[in-house]
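A structural walkthrough
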Amino acid sequence: MQIDLAKMIDHTILKPNITDDRVRQVCDEAKKFGFASVCVNPCYLPMVSELLRGSGIKACTVIGFPLGANTTETKIYEAEKAVGLGANELDYVLNISDVLNGRYTSVREEMERFVELRSRHEGQIVIKVILETCYLTNEQIIRVCQLARLTGLDFVKTSTGFGAGGATVEHVRLMREIVGPELGVKASGGIKTYEDAAAMVKAGANRIGASNSVAIVSKT
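In this report, we go over the structure that sits alongside the text. (Residues numbered from 1 in each chain as written. Predicted model: local features only at pLDDT ≥ 70, side-chain atom pairs only at ≥ 80, totals over all residues. Heavy atoms only, no water.)

Quick notes on the overall build of the protein chain
Within the protein chain one finds 9 helices and 8 strands. For 220 residues, the compact-globule estimate of 2.2 N^0.38 gives 17 Å, and the protein chain sits close to it at 16 Å. Dimensions of the protein chain, computed from C-alpha atoms along their principal axes, come out at roughly 45 × 40 × 30 Å. Buried residues in the protein chain amount to 53% of all 220 residues. A separation threshold of at least 6 residues defines the contact pool for the protein chain, and within that pool the share at least 24 residues apart is 69%. About 10000 Å² of surface is accessible on the protein chain, with carbon and sulfur atoms providing 50% of the total. (Helix = DSSP H or I, 4+ residues; strand = E, 2+ residues; numbered from the N terminus. Rg over C-alpha atoms; globule rule 2.2 N^0.38 Å. Buried < 20%, exposed > 50% of the residue type's maximum accessible area, 1.4 Å probe, protein only. Contact = heavy atoms within 4.5 Å. Areas by Shrake-Rupley, 256 points an atom, 1.4 Å probe, with all protein chains shown as cover.)

Now the structure itself:
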């Protein structure tokens, strides 16, 4: 049975060597196929939010990307600026070192700051936290997902696509098990085919991050 994947896909273009023409093309593709959002680096938000105006497709951007090693204050400043530039969805990278060192209070406090930011904008933005699961144990993934659920984030996300590995079915299934139906699960990193994406959805993902989006949906 084929899955209608288009409405689940964040059509992503985050490489450093992109051009305005390529960003315009990505926005045209998003409108043609009905993707959930276009995900770009913050500098392209003004262009993307204008190109997507009235389409129903969200403008998504990344915060603290790709390492997550910025201070929380820097991330929140970046996030506020991104919203001002037209972002509807923010994918932020948690501080991976905090997790590896067991500083879960810091992880929670950063999540709370993002939830506070969302409340200041009347709930009109979606917050996704990127775990970079390739660097974490299952126990660490569980702890972070528990905190995301406790603090009230909107999504947990597997990967930046810039780490040592991307999304796996096993990690997506584990994340869904922990966050339950209340939060979204975004699978991102290394998803290149319809079969890859469908496997992630079957495991519990309800959002897919991909740069190969057109090829994925064209298979359907």
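Quick look at the pattern of salt bridges
Pairing is possible between side chains of opposite charge, provided their charged atoms come close. A full pass over the atoms with the stated rule returns 18 salt bridges. The shortest N-O distance in the salt bridge between E50 and R53 comes to 2.8 Å. According to the relative accessible area criterion, R53 is exposed, its value standing at 60%. Of the charged contacts in the structure, one is a salt bridge between R120 and E80, with a shortest N-O distance of 2.5 Å. Here E80 lies in helix α3 (residues 72–84) and R120 lies in helix α5 (residues 104–120), a separation of 40 residues in the sequence. Connected through shared salt-bridge partners, D10, E89, D91, K128, K157, K186 and R207 make up one network. (Salt bridge = Lys/Arg side-chain N within 4 Å of Asp/Glu carboxyl O.)

A closer look at the side chain of D98
Considering the arrangement of structural elements, one finds D98 in helix α4 (residues 96–100). Taking the relative accessible area as the measure of exposure, D98 reaches 11% and is therefore buried.

Notes on the packing of aromatic side chains
Under the criterion given, the structure shown has 3 aromatic pairs. Seen in terms of ring centroids, F33 and F35 are 5.7 Å apart; in terms of plane orientation they differ by 20°. Their pairing is stacked. The class for F33 is partly exposed, based on a relative accessible area of 27%. We classify F35 as buried; its relative accessible area is 2%. Judged by centre distance (5.3 Å) and plane angle (85°), the rings of F65 and F162 are edge-to-face. Separated by 97 residues along the polypeptide, F65 in the loop between β3 (58–63) and α3 and F162 in the loop between β6 (155–157) and α7 (169–179) bring together distant segments of the chain. Positioned above the aromatic ring of F155 is the side chain of K128, whose terminal nitrogen or guanidinium carbon lies 5.9 Å from the ring centre. In this structure, R143 packs its charged tip against the face of Y104, placed 4.0 Å from the ring centre. (Phe/Tyr/Trp six-rings, centres within 6.5 Å; stacked < 30°, edge-to-face > 60°. Lys NZ or Arg CZ within 6 Å of the ring centre and 35° of its normal.)

Brief notes about the pairing of strand β7 (residues 184–188)
For a regular strand, side-chain orientation follows a simple rule: the groups alternate between the two sheet faces. When you tally the buried positions in β7, you get 5 out of 5 residues, the bulk of the element. Examined bridge by bridge, β6 and β7 share 3 bridges and lie parallel to one another. Bridging across to β7, V156 finds its partner in V185. In terms of handedness, the path from β6 via α7 over to β7 forms a crossover that is right-handed. As judged from the 3 bridges shared by β7 and strand β8 (residues 207–210), these two strands associate in the parallel manner. For K186, the partnering residue across the bridge sits in β8 and is R207. (Pairing = 2+ DSSP bridges. Right-handed = clockwise from strand over helix to strand, strands pointing away.)

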